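A structural walkthrough
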Protein chains: 2
Amino acid sequence: MGLSYVEENYLKAILKLSGVPDGLVSTNAIAAQLSTSAASVTDMLKKLSDKDLIAYQRYKGASLTNAGQRIATHLVRKHRLWEVFLVQTLGMTWDEVHDIAEQLEHIQSDSLIDRLDTFLEYPKFDPHGDPIPNAEGKYSVRAQVPLSKLTEGQQGIVIGVREDETAFLKHLSEKGLTPGKMIRMLTNDAYDHTIRLVVDDKELNLSGQVASNIMIKLK
Amino acid sequence: MGLSYVEENYLKAILKLSGVPDGLVSTNAIAAQLSTSAASVTDMLKKLSDKDLIAYQRYKGASLTNAGQRIATHLVRKHRLWEVFLVQTLGMTWDEVHDIAEQLEHIQSDSLIDRLDTFLEYPKFDPHGDPIPNAEGKYSVRAQVPLSKLTEGQQGIVIGVREDETAFLKHLSEKGLTPGKMIRMLTNDAYDHTIRLVVDDKELNLSGQVASNIMIKLK
DNA sequence: AATTAAATTTAGACAAATCTAAAAATAATT
DNA sequence: AATTATTTTTAGATTTGTCTAAATTTAATT
């Protein structure tokens, strides 16, 4: 028997939050990520622990087991392959595909995903610039740096963003900051974290906050 | 707020069973269709009736309201468009797509379905030969007759089947009876309902039961 | 028409996933 | 170290969809 939609979302959330400190993800962090209550998270952590998909200790936090990581990574693979399909094959825009892929990632069929991968010609990155794990769960890497780290005069290409909120992506689209765009840094003020840059021969201001979520491949 | 996965399946089941008598679908018929208990069906019928998606009278049966029919027809449209995608674009076989489409039909995004329809170039029939409702819910019709009605010497093309059980479809695939195939009737015994016909220059026997579920377009 | 059979509904219970409010454990501050 | 604040867990209730068993209604038979 497979996992429920909900269980899968918990595993994905834990994977997403696993980047931090010692790999232990807190109850509150998961609750925030999934917009649910801490009490609900505790219940589910027990359940996933019983299934040996996470290692969990009361009051300490949780981390994925190998089995849990395999499942979560496969979900990421499916999500990102579907995003490529939606943008590349169906012509949707960059900022409207996340919520649909969030549904499509739960479709159960390995044969379907293998064939989709083949049809799309084995893409390595999704439309937001994030790497797509292969069938064995391995990621490709690409040298990238947050836009906020660039110094005056440096140039590069937008390859992706770290957030996937629709509002944020729409905001960037309106400014012309979509993957593939060439940019050049004009001023990057170290004190008030305000940034000024050039895209498509137009000058643009950004907050340091926003800039730290835009990933650049240096030229 | 949209409907749940389960509610959608009930509406689809009622639509599927609506062909019969006076359009009233019985509790037991729905229970059999969905492999659930009659008691569960009764509960759900009340719920769908409260939402004005079906007209329901205790002990009498249920029928779809206009609103319910619209939703159910849209589900059928999504299911069949996805089947075309799976076969035509991803190269899956005729007999393995039903269960996957059963999941995909619940994905919520009108924009996605419109674009899929465009990408597939507005197909009118799915790989099993069933008509695909357009965005307004209208079906195309195609003159067709069950294989069991053909008389000796008549020829035609297989355009679809009535069943969608994987085992049944696999059985037909093995015999070479897939949509598009030209067939010619040899003998159709009115008494023991046994049929003999030619496909791909090979002779074949079929039971009347099986033949009545294979639809033919006469030449 | 009375009885039997079948279909349908009600009653009560259960599992999954969620919530709020209160209790317990851990972390931070004075 | 003692107190306060934060985080996490427990307790108990709720919703959705399901089930079995019993009661009721409708249909079929004798």
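Residues numbered from 1 in each chain as written. Chains lettered and ligands numbered in written order. Predicted model: local features only at pLDDT ≥ 70, side-chain atom pairs only at ≥ 80, totals over all residues. Heavy atoms only, no water.

1. Thoughts on the overall build of chain A
Looking only at helices and strands, chain A has eight helices and eight strands in total. In terms of C-alpha radius of gyration, chain A reaches 19 Å, essentially the compact-globule figure of 17 Å for 219 residues. Seen through its principal axes, chain A has C-alpha atoms that stretch 55 × 45 × 25 Å. Within chain A, the fraction of its 219 residues that count as buried is 43%. In chain A, the share of contacts with a sequence separation of at least 24, taken over all contacts with a separation of at least 6, comes to 61%. Of the accessible surface of chain A, which amounts to about 11500 Å², a share of 50% is contributed by carbon and sulfur atoms. Each charge class in chain A was averaged separately, 25 positive and 29 negative side chains, and the resulting centres sit 3 Å apart. (Helix = DSSP H or I, 4+ residues; strand = E, 2+ residues; numbered from the N terminus. Rg over C-alpha atoms; globule rule 2.2 N^0.38 Å. Buried < 20%, exposed > 50% of the residue type's maximum accessible area, 1.4 Å probe, protein only. Contact = heavy atoms within 4.5 Å. Areas by Shrake-Rupley, 256 points an atom, 1.4 Å probe, with all protein chains shown as cover. Lys, Arg positive; Asp, Glu negative; His and termini not counted. Charge placed at Lys NZ, Arg CZ, Asp CG, Glu CD.)

2. Some details on the relation of the copies chain A and chain B
Relative to chain B, chain A is turned by 180° and slid 0.0 Å along the rotation axis, the superposed coordinates differing by an RMSD of 0.1 Å. Put plainly, the chains are arranged around a two-fold axis. Relative to the rotation axis, the C-alpha of A:Leu104 is the closest in chain A, positioned 3.8 Å from it. When the interface residues of chain A are mapped onto chain B, 100% of them again lie at the interface, so the same face is used by both copies. (Least-squares fit on C-alpha atoms with pLDDT ≥ 70 in both.)

3. Considering the sheet that holds strand E8 (residues 214-218) of chain B
In spatial order, the strands read E3-E8-E4-E5-E6-E7 (chain B); together these six strands make up an open sheet with antiparallel pairing. In this open sheet, the two edge strands, each paired with only one partner strand, are strand E3 (145-146) and strand E7 (202-207) of chain B. (Pairing = 2+ DSSP bridges.)

4. Comments concerning the protein's contact with DNA strand C
Taken together, 20 residues form the shell around DNA strand C, and within it A:Ser4, A:Thr36, A:Ser40, A:Lys47 and B:Tyr56 come nearest. Each atom of DNA strand C within 4 Å of the protein belongs either to a base or to sugar and phosphate, the latter forming 78%. Contact between DNA strand C and A:Ser40: a phosphate oxygen at 2.6 Å from a side-chain N or O atom of the residue. At the level of secondary structure, the elements contributing two or more residues to the surface near DNA strand C comprise helix H1 (5-17) and helix H3 (38-50) of chain A together with helix H2 (27-34) and helix H3 (38-50) of chain B. By residue class, the composition of the surface near DNA strand C is eight nonpolar, eight polar and four charged. (Near = heavy atom within 4 Å. Polar contact = N/O pair within 3.5 Å; in protein donor to acceptor, adjacent residues only side chain to side chain. Nonpolar A, V, L, I, M, F, W, Y, C, P; charged D, E, K, R; others polar.)

5. A word on the domain arrangement of chain A
What the domain assignment reports for chain A is domain 1 (5-64), domain 2 (74-141) and domain 3 (145-218). For domain 1 of chain A and domain 3 of chain A, the distance between their C-alpha centres works out to 32 Å. (Domains from an automatic or database assignment.)

6. Details of the environment of A:Lys217
Residue and element names in this part refer to chain A. Summarising the element assignment, Lys217 is placed in strand E8 (residues 214-218). Taking the C-alpha atoms as reference, Lys217 lies 33 Å from Ala62; in sequence the two are 155 residues apart. Once residues lying within four places of it in the same chain are set aside, the contact partners of Lys217 are Ala143, Gly156, Ile157 and Ile159.

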